[in-house]
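Listed below are the residues making up each chain.
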Amino acid sequence: MIKKFTLRINKKSQTVEADENMPLLWVLRDVLDLKGTKYGCGVGSCGACTVHLNGIAVRSCQLPISALANQNITTIEGLAEKGDHPVQKAWLDVDVAQCGYCQSGQIMSAAALLKSNPHPSEVDIDNFMSGNICRCGTYTRIKKAIQQAASK
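Residues numbered from 1 in each chain as written. Predicted model: local features only at pLDDT ≥ 70, side-chain atom pairs only at ≥ 80, totals over all residues. Heavy atoms only, no water.

Structural notes on helix H6 (residues 139–151)
- A rise of 1.5 Å per residue sets the reference length of H6, with its 13 residues, at 18 Å; its end C-alpha atoms lie 18 Å apart and thus fit the reference within 8%.
- Listed as buried for H6 are Ile142, Lys143, Ala145, Ile146, Ala149 and Ala150. Viewed end-on, H6 has its buried residues packed into an arc of 160°, placing them on one side of the element. Projecting away from the buried face of H6 at angles above 90 degrees are the exposed residues Thr140, Lys144 and Ser151. (Helix = DSSP H or I, 4+ residues; strand = E, 2+ residues; numbered from the N terminus. Expected span 1.5 Å × (residues − 1). Buried < 20%, exposed > 50% of the residue type's maximum accessible area, 1.4 Å probe, protein only. Arc of directions from axis to C-beta.)

Thoughts on the domain arrangement of the protein
- Considered domain by domain, the protein is made up of domain 1 (2–78) and domain 2 (86–151).
- Domain 1 and domain 2 are separated by 21 Å when their C-alpha centres are compared.
- Opposite the 17 residues of domain 1 that make contact, domain 2 presents 13 residues.
- Summing both sides of the interface, domain 1 and domain 2 together bury roughly 1200 Å²; the carbon and sulfur share of this comes to 56%.
- The interface formed by domain 1 and domain 2 holds 6 residue pairs in polar contact (both at pLDDT 80 or more) in total.
- Looking at the side of domain 1 that touches domain 2, the elements that each hand over two or more residues are strand S3 (50–53) and strand S4 (56–59).
- The element contributing the most residues to the side of domain 1 that touches domain 2 is S3, with 3 residues.
- Residues belonging to the side of domain 1 that touches domain 2 are distributed by class as follows: 6 nonpolar, 9 polar and 2 charged. (Domains from an automatic or database assignment. Contact = heavy atoms within 4.5 Å. Buried area = accessible area lost by both parts, 1.4 Å probe. Polar contact = N/O pair within 3.5 Å; in protein donor to acceptor, adjacent residues only side chain to side chain. Nonpolar A, V, L, I, M, F, W, Y, C, P; charged D, E, K, R; others polar.)

Observations regarding the environment of Leu113
- Its location among the elements puts Leu113 in helix H4 (residues 103–116).
- A relative accessible area of 3% places Leu113 in the buried class.
- Between the alpha carbons of Leu113 and Ile142 there is a distance of 13 Å; along the sequence they are 29 residues apart.
- When sequence neighbours within four positions are dropped, the list of residues in contact with Leu113 reads Pro120, Ile125, Phe128 and Ile146.

Details of the pattern of salt bridges
- Within this structure, the stated rule accounts for 4 salt bridges.
- Here Glu20 makes a salt bridge to Lys3, at a shortest N to O gap of 3.4 Å. Of this pair, Glu20 sits in the loop between strand S2 (12–19) and helix H1 (24–31) while Lys3 sits in strand S1 (residues 2–9), and the two are 17 residues apart along the sequence.
- You can call Lys3 partly exposed: its relative accessible area is 36%.
- A salt bridge links Asp33 to Lys35; the shortest N-O distance between them is 3.6 Å.
- What you see here is one network of salt bridges that share partners, running through Glu122, Asp126 and Lys143. (Salt bridge = Lys/Arg side-chain N within 4 Å of Asp/Glu carboxyl O.)

Some words on the packing of H4 against H6
- At a closest axis distance of 11 Å, the pairing of H4 and H6 adopts a crossing angle of 40°. With respect to H6, the axis of H4 lies oblique. In the packing of H4 onto H6, the handedness of the crossing is right-handed. On H6, the residues touching Gln106, Ala110, Leu113 and Leu114 of H4 are Ile142, Ile146, Ala149 and Ala150. (Axes fitted to C-alpha atoms, helices over the stretch in contact; angles between N-to-C directions. Parallel < 35°, antiparallel > 145°, perpendicular 65-115°, else oblique. Left-handed = near helix turned anticlockwise from the far one by under 90°.)

If you want it as structure tokens, here you go:
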């Protein structure tokens, strides 16, 4: 059923009309034209669609819009106004991206990790990031960038 929903996305209140079961991913991409969050698998297994819900990394392909009232949602576009979040800067310094498709989800997960654990061990990084798949295999550079961001 199509309904109106008011969501708080990237610190802005936005009202959208959508089916109550529409996943947040499609609201972001198709209704609000926020294309940074990617579709990867549609079942929450790859991490390409990762956003923050109240500061916690979640898979937007699995969240129906009807469950998101009064929640703070942050996408890659809202992580840092000028794209200068420490994780984003480290990603560039380390030259993490190869094809780049998974990177917004990787960055959002890494930012959530560092928010909850500012000085993660290698095991902490491996465990937290294990839900994010990089088909290009840039895992070593991803870990290095997270370690660099944690050292700042």
